[in-house]
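# Fold and contact review
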Amino acid sequence: MHYSTKEQKVWIFGDSYFQSPILDNPLVSQNSWTAFIEKFYKTKNFAQGGTGLDWSLQQLIINTKKKDTKDDILIFGLGSHYRFNLKFIKEPKYQANYSLDRYKFFSKGKWGIKKYKQDSSIKNISANFLKQFIFEYVLHSTYDTTEFDKVVSYLYFFTKKRFKKVLLFPIFQKFSFNLPKDSNVYMPNFCMADIEFKKIEQEVDPRANHMSDENNIIFYNTINNWIQNNILPDKSLFSTYEERQ
Amino acid sequence: MEVHTGIHTAQMITSKKNKQKVWVFGDSYFEGPIIHPKISTYSWTKYIDTNFDLANFAKGGSGLDWSLQQFLLHTHKQKTQNDILIFGLGSHYRFNLKFIDDPTFQGDYSLDRYRLIAENDRESKISTIKKVYKQFFSNSFLKEFVKEYILHSSYEITEFDKTVAYLYFKTKDKFKKVLLFPIFKLPKIEILNDKNFYIPDFCMANIEYNNTKGQWDSRANHMSNENNQLFANSIIRWITDNDCLSKNTFPTYTENALLN
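Computed from a prediction, not measured in an experiment: that's the story for all the values here.

Conventions we followed
Residues numbered from 1 in each chain as written. Chains lettered and ligands numbered in written order. Predicted model: local features only at pLDDT ≥ 70, side-chain atom pairs only at ≥ 80, totals over all residues. Helix = DSSP H or I, 4+ residues; strand = E, 2+ residues; numbered from the N terminus. Buried ≥ 20, exposed ≤ 12 C-beta atoms within 10 Å, placed from the backbone. Contact = placed C-beta atoms within 7 Å. Pairing = 2+ DSSP bridges. Nonpolar A, V, L, I, M, F, W, Y, C, P; charged D, E, K, R; others polar. Expected span 1.5 Å × (residues − 1). pLDDT = per-residue confidence, 0-100.

## As for the overall build of chain A
- In terms of regular secondary structure, chain A is built from 7 helices and 5 strands.
- Listing each helix as α and each strand as β along chain A from the N terminus yields β-α-β-α-β-α-α-α-α-β-β-α.
- In chain A, which comprises 245 residues, the share counted as buried stands at 42%.
- Restricting the contact set of chain A to residue pairs at least 6 apart, pairs at least 24 apart contribute 66%.

What follows is the structure in structure tokens.
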């Protein structure tokens, strides 16, 4: 059962897991969970593939500023804080190309600093700055250990009185703390990227929201169930789910 | 000089072994007493040090992230459930960068320092502004860092509040009581105070802002002896009786819109 179509406003922020459907290749995907959301709800989707956590936060602040959102629902995909929001990356979708987690990913959980330094894709005019930024700031300050949790903590306080209810959805990593249970801010206890982690053998998964058609439908149903019944998405609904080590 | 609190309980004045442990983090407003007899005879931290089991990791000149880092380093794996935490919420414009070897000098490279002096001396001391500006941007990485990241990302708007919100989740159930004390600005996010988590509604730098006019203040914790005493009393009353701290305690307190 849905609310009356298009009456409930839903704001969406995040990266490719949350972006509007790109279904221009039927051989790859026919379903996208965001397509269903946009069909049944009055949706404002500002998510964009390749972007990082700070960019999404910035979009939330800019696009909801001075708006009355008290009756609205917010769905915020908690993406990677290693996709830096830097000025020289003109298009935010390329933040992923300069992300540090790529190097952690390819080095079995440790920072692949050597690979990072050798990566020819970042040998451009800003490469020197980027490397200094990593070593002078990201790995020297608390950024590496606290940034993700800081943004989530901030989002909790920033959004809880501004929206009717809020879903903060971890994509690649979990929040280190528990949110108060009596709040209108909800958070699933699993990461969206783990729904099909094992299936991604290539660096970029071109399917809509990086999931199979079947999982996109299941995902939409779980989000819809949360919107209407406050029931949090459950990882056991996804047969392909496997927690990343 | 003695501090007259009227609340010296037997529990407080006892051997160090049985004293209440108090952790302190922050910048020069919170650092251990550096008393130059010609300038100051009293520091509020000295009194806390005398009467409590004090672990003070505050350092003058350092920024908010450095204080957070010290907090994480020193309390990691410690049993702090019965301890008290006092955390001075310093400047997020004092960047925690590797090339600044000594965190004392983070203040020298801070963005707010340039802005403060520019605001105060705009008309009369233009050479000072230029000097500070030159110092700030003489480091090419720092210049790029500010342009590429600080002023482009959400850092300016969110960093201070992000740190406050993080400290809420990180500390709330891990200490007996937590005091997060704003120094230069108040958080914009709304966090409800309760018995074990408290953020005063005023900034410590405003206690004597009018006396210093943004210039370097070499007095202990940047306050007069009298205000240091009043501040110590306020902290003690919060520790022992949960009394809220009030800006009305300090006759010199002046709201400073520039900082807030």
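## Here's the deal with the overall build of chain B
- Check the secondary structure of chain B and you find 8 helices and 5 strands.
- Burial analysis of chain B (260 residues in total) assigns 42% to the buried set.
- Sequence separation of at least 24 residues holds for 70% of the intrachain contacts in chain B that already meet a minimum separation of 6.

## Some details on the pairing of strand β1 (residues 21-25) of chain B
Residues and elements named next belong to chain B.
- Of all 5 residues that make up β1, 4 are buried, and the element is covered over most of its length.
- In this structure, β1 lies alongside strand β2 (residues 53-56), joined through 4 bridges in parallel fashion. Opposite Val24, over in β2, you have Asn56 as the bridge partner.
- As defined by bridge partners, β1 adjoins strand β3 (residues 84-89) across 4 bridges and the pair is classed as parallel.

## Section: the environment of Thr43(A)
All names here are of chain A.
- Positionally, Thr43 belongs in strand β2 (residues 42-45).
- For the pair Thr43 and Ser176, spaced 133 residues apart in the sequence, the C-alpha separation amounts to 30 Å.
- Apart from residues lying up to four places away in sequence, Thr43 is in contact with Val10, Ile12, Ile37 and Glu38.

## Description of the interface of chain A and chain B
- The partner chain B presents 29 residues to the 27 residues of chain A that form the contact.
- Taken together, the elements giving at least two residues each to the side of chain A that touches chain B come down to α2 (53-64), α5 (127-138) and α6 (143-159) of chain A.
- For the side of chain A that touches chain B, a count of residues per class yields 14 nonpolar, 8 polar and 5 charged.

## A short note on the sheet that holds strand β3 (residues 73-78) of chain A
Residues and elements named next belong to chain A.
- The strand order across the open sheet built from 5 strands is β2-β1-β3-β4-β5, with neighbouring strands paired in parallel fashion. The open sheet is flanked by β2 and β5 (185-186), the only strands paired with a single partner.
- Of the pairings in the sheet, the one linking β3 to strand β4 (residues 165-170) comprises 6 bridges and is parallel in character. Residue pairing in the sheet places Leu74 in a bridge with Val166 of β4.

## Observations concerning the sheet that holds strand β4 (residues 177-182) of chain B
- Spatially, the 5 strands line up as an open sheet ordered β2-β1-β3-β4-β5 (chain B), and their pairing is parallel. On the outer flanks of this sheet lie β2 and β5 (197-198) of chain B, each paired with one strand and no other.

## A look at α6(A)
- Its 17 residues give α6(A) an end-to-end C-alpha distance of 22 Å, which sits within 8% of 24 Å, the value for a rise of 1.5 Å per residue.
- Counted residue by residue, α6(A) has 14 buried out of 17 residues, so it is predominantly covered.

## Some points on α5(A)
- Turning to α5(A), its buried residues number three or more, namely Phe129(A), Leu130(A), Phe133(A), Ile134(A), Glu136(A) and Tyr137(A).
- Elements that come into contact with the buried residues of α5(A) comprise α6 of chain A together with α5 (140-150) of chain B.

## Re unusual backbone geometry
Residue and element names in this part refer to chain A.
- You will see that Lys66, though not glycine, has its phi angle at about 60°, which is positive.
- Checked against the element boundaries, Lys66 lands in the loop between α2 and β3.
- On the neighbour-count criterion, Lys66 (4 C-beta atoms within 10 Å) is exposed.

## Let's talk about the confidence of the model for chain B
All names here are of chain B.
- Put simply, chain B has an average pLDDT of 84, and 77% of its residues get 70 or more.
- Here residues 1-14 is modelled with pLDDT under 50, and outside its nearest four sequence neighbours on either side it reaches 20 contacts, counting other chains as well.
- Low pLDDT (under 50) marks residues 121-126, which in the prediction has 2 contacts with non-local residues, meaning those over four places away or in another chain.
- Reported confidence for the predicted complex is 0.91 by ipTM and 0.89 by pTM.

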